[in-house]
Structure formats: structure tokens, C-alpha cells
Amino acid sequence: MAKTAEVKIAILGRAGVGKSALVVRFLTKRFIWEYDPTLESTYRHQATIDDDLVTMELLDTAGQEDTIQREGHVRWADGFAIVYDITDKGSFDEVLPFKNLLDEIKKPKNVTFILVGNKADLDHCRQVSTEEGEKLATELACAFYECSACTGEGNISEAFYELCREVRRR
Ligand code: GDP
Ligand code: MG
């Protein structure tokens, strides 16, 4: 019989990197151009991952919350997707502070997270190379995905599934 499990995932990253677009792409296979950037939402999604039925709870954070709210999100979740925008170097520079916050709040446990470089369709405006993304992921010892919520390229579903697998391995 298949086991059922619940995995709580929070999507983190600077406002505007495409967190909401990625979550909606994952859930609906569609791209919607505009969301209320101040909105925070949770979604439940069931998926069969390696023969196990997994209920994912996805928290799409707004990316402009204060410290107290952010700490609450981090305490709540089991796994994290830290997202940056490949056309926004500043959003890439914010990855490390996010990771440090995770370490600080989750210690002494190791945090489970993936690094996602979004907006890969905008290669002509690129400010962060694929190699820089890979290098940072190696340093942080996490999986790395470059993708586009807009075109769907880069296997967004696999990124979320892999994060679930890693959470369940812990
Ligand atoms: P959030 O603040 O991180 O939730 O970002 P949103 O999902 O609201 O997206 C911010 C803006 O980036 C919106 O105008 C989106 O249409 C756009 N956007 C999001 N993902 C992509 C993408 O993969 N490619 C392109 N070209 N635009 C994107
Ligand atoms: Mg959003």
C-alpha cells in the first residue's frame, strides 16, 4: 500500500523574482502574468512521487515581510525553494542571507532547500550566469534548477518533487 506523507514547503526570494508564477506554473501548467505582489497564499497539492502519495503544502511568500513573519514561515516549513531572478543580480545576492536565516532558525537541524534561478527565457537580459548559479549551489550543497515560469522550461515539477524527496529522506 502506498504511504501518505505531508511535506510543507515555503518559497522564498526577493519580491518580483517570480515565486507566485512558479507555484502557479507547477500547479496548473499555466503562466499568469500578474499577481498581487503583496499577497501570500498557501496551496495544497497531491502528487505521487516514487509510488508514494505526498500531500504538499506550498507557502508562496510575498517576499516583503518583516523579520517576525519571515521567521514564522521558516519555522512552519520542512523544505524551502530559494528563488532568484537571472536578470536581477540583487536577487541572487539575497540568496545567501536567506540561507543564513534558515540555518539560524532551523539549527541544530540541517535545512533542506533547493536553489532556483527563474526567468531563463530572458537570456538577453541575464545578469547571473548559469555557472554562477551552479557554483553557489555547490557551495551551499543544494540542488540547482534554472527555469522559466513563463515558458515552463527547466522542469519546475521535478524541482519541487526533488525537494519533497529530500525532505522525506531527512
Ligand atoms: P513574486 O513577487 O516573486 O511572486 O513574483 P511574481 O510571480 O509576481 O512575478 C513578478 C513579475 O515577473 C511578473 O510581472 C511576472 O509576470 C514576471 N515573471 C515571473 N516569472 C517569469 C518568467 O519565468 N519569465 C518572465 N519573462 N517573466 C516572469
Ligand atoms: Mg508573489
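Residues numbered from 1 in each chain as written. Chains lettered and ligands numbered in written order. Predicted model: local features only at pLDDT ≥ 70, side-chain atom pairs only at ≥ 80, totals over all residues. Heavy atoms only, no water.

Describing the overall build of the protein chain
The line we're drawing: Think of it this way: any DSSP run of H or I at least four residues long counts as a helix, any run of E at least two long counts as a strand, and we number them from the N terminus. Restricting the calculation to C-alpha atoms gives the radius of gyration, and the globule rule supplies 2.2 Å times the number of residues raised to the power 0.38. Whether two residues are in contact is decided by their heavy atoms, any of which lying within 4.5 Å being enough.
Within the protein chain, the secondary structure is distributed over six helices and six strands. Starting at the N terminus, the α and β elements of the protein chain follow one another as β-α-β-β-α-β-α-α-β-α-β-α. Radius of gyration (C-alpha) of the protein chain: 15 Å, near the 15 Å computed for a compact globule of 170 residues. Partitioning the contacts of the protein chain with sequence separation of at least 6, the portion at a separation of at least 24 is 72%.

Side note on the packing of helix α2 (residues 67-76) against helix α4 (residues 95-106)
Relative placement of two packed helices is described by the angle separating their axes and the distance separating the axes. Just so we agree on the cut-off: Axis lines are fitted to C-alpha atoms, over the contacting stretch for helices. Their N-to-C directions set the angle, which ranges from 0 to 180 degrees. Any angle that is under 35 degrees is reported as roughly parallel, and any over 145 degrees as roughly antiparallel; angles of 65 to 115 degrees are reported as roughly perpendicular and all others as oblique. Helix crossings get a hand from a simple test, with the near helix turned counterclockwise from the far one by less than a right angle marking a left-handed crossing and a clockwise turn marking a right-handed one. Put simply, Ala, Val, Leu, Ile, Met, Phe, Trp, Tyr, Cys and Pro go in the nonpolar bin, Asp, Glu, Lys and Arg in the charged bin, and everything else, Gly too, in the polar bin.
Their axes nearest at 10 Å, the elements α2 and α4 cross at an angle of 65°. Comparing the axis directions of α2 and α4 gives the class roughly perpendicular. Both α2 and α4 take part in a crossing whose hand is right-handed. Contacts between α2 and α4 pair Arg-70, Glu-71, Val-74 and Arg-75 from the former with Phe-98, Leu-101, Leu-102, Ile-105 and Lys-106 from the latter. Among the residues forming the contact of α2 with α4, the class breakdown is five nonpolar, no polar and four charged.

Brief notes about empty space enclosed by the protein
We apply this condition: Site definitions follow a grid-based scheme: protein atoms alone, a 1 Å grid, a 1.4 Å probe that fits but cannot get out for cavities, and for pockets an open set with protein on both sides within 12 Å along at least five of seven lines, plus lining residues having an atom within 4 Å of a point. Grid points are joined across faces, edges and corners, and a volume is the space filled by probe spheres set on the points.
Taken as a whole and assessed by the stated rule, the structure comprises one cavity of 30 Å³ or more. Empty space within the largest cavity amounts to approximately 50 Å³. Surrounding the largest cavity, Leu-22, Ala-81, Val-83, Ile-114, Val-116, Cys-147, Ile-156, Ala-159 and Phe-160 form its lining. Top element by residues in the lining of the largest cavity is helix α6 (residues 156-169). It accounts for three residues.

As for the site of ligand 1
Just so we agree on the cut-off: Here a residue is considered near a molecule or strand provided that any single heavy atom belonging to it is located within 4 Å of it. Here a polar contact means two N or O atoms within 3.5 Å. Within protein one must be a hydrogen donor candidate and the other an acceptor candidate, and residues neighboring in sequence count only if both atoms are side-chain atoms. Using a 1.4 Å probe, accessible areas were evaluated by the Shrake-Rupley method; residue-level cover was limited to the displayed protein chains. Each molecule is checked against the cavity or pocket grid, and it sits inside if more than half of its atoms lie within 2 Å of the grid points.
As a structural note, the neighbourhood of ligand 1 is formed by 18 residues, with Gly-16, Lys-19, Ala-21, Trp-33 and Asp-121 the closest of them. A distance of 2.7 Å separates an oxygen atom of ligand 1 from a polar atom in the side chain of Lys-19. Side-chain polar atom of Asn-118 to a nitrogen atom of ligand 1: 3.2 Å apart, as the coordinates give it. For ligand 1, whose accessible area on its own is 580 Å², the fraction buried by protein is 90%. Of all the cavities here, the one that holds ligand 1 is the largest pocket. At three residues, the largest contribution of residues to the shell around ligand 1 is made by helix α1 (residues 19-28). For the shell around ligand 1, a count of residues per class yields eight nonpolar, five polar and five charged.

Topic: the sheet that holds strand β2 (residues 41-49)
Within a sheet, adjacent strands bond to each other through the backbone by hydrogen bonds, running parallel or antiparallel. Note the cut-off: A strand pair is defined by DSSP finding two or more bridges across the two strands.
Pairing is mixed across the open sheet formed by six strands, whose spatial order is β2-β3-β1-β4-β5-β6. What marks the edges here is a single partner per strand, and that holds for β2 and β6 (143-146). This sheet shows a mean twist of 25° between the axes of neighbouring strands, independent of strand direction. Pairing of β2 with strand β3 (residues 52-60), which is carried by nine bridges, proceeds in the antiparallel orientation. Looking across to β3, one finds that Thr-48 is bridged to Leu-53. Where helix α5 (residues 130-140) meets the sheet, it contacts β4 (79-85), β5 (112-118) and β6, and its direction lies at approximately 160° from that of β6. Its contacts with the sheet place α6 against β1 (4-12), β2, β3, β4, β5 and β6, and it is angled at close to 120° to β1.

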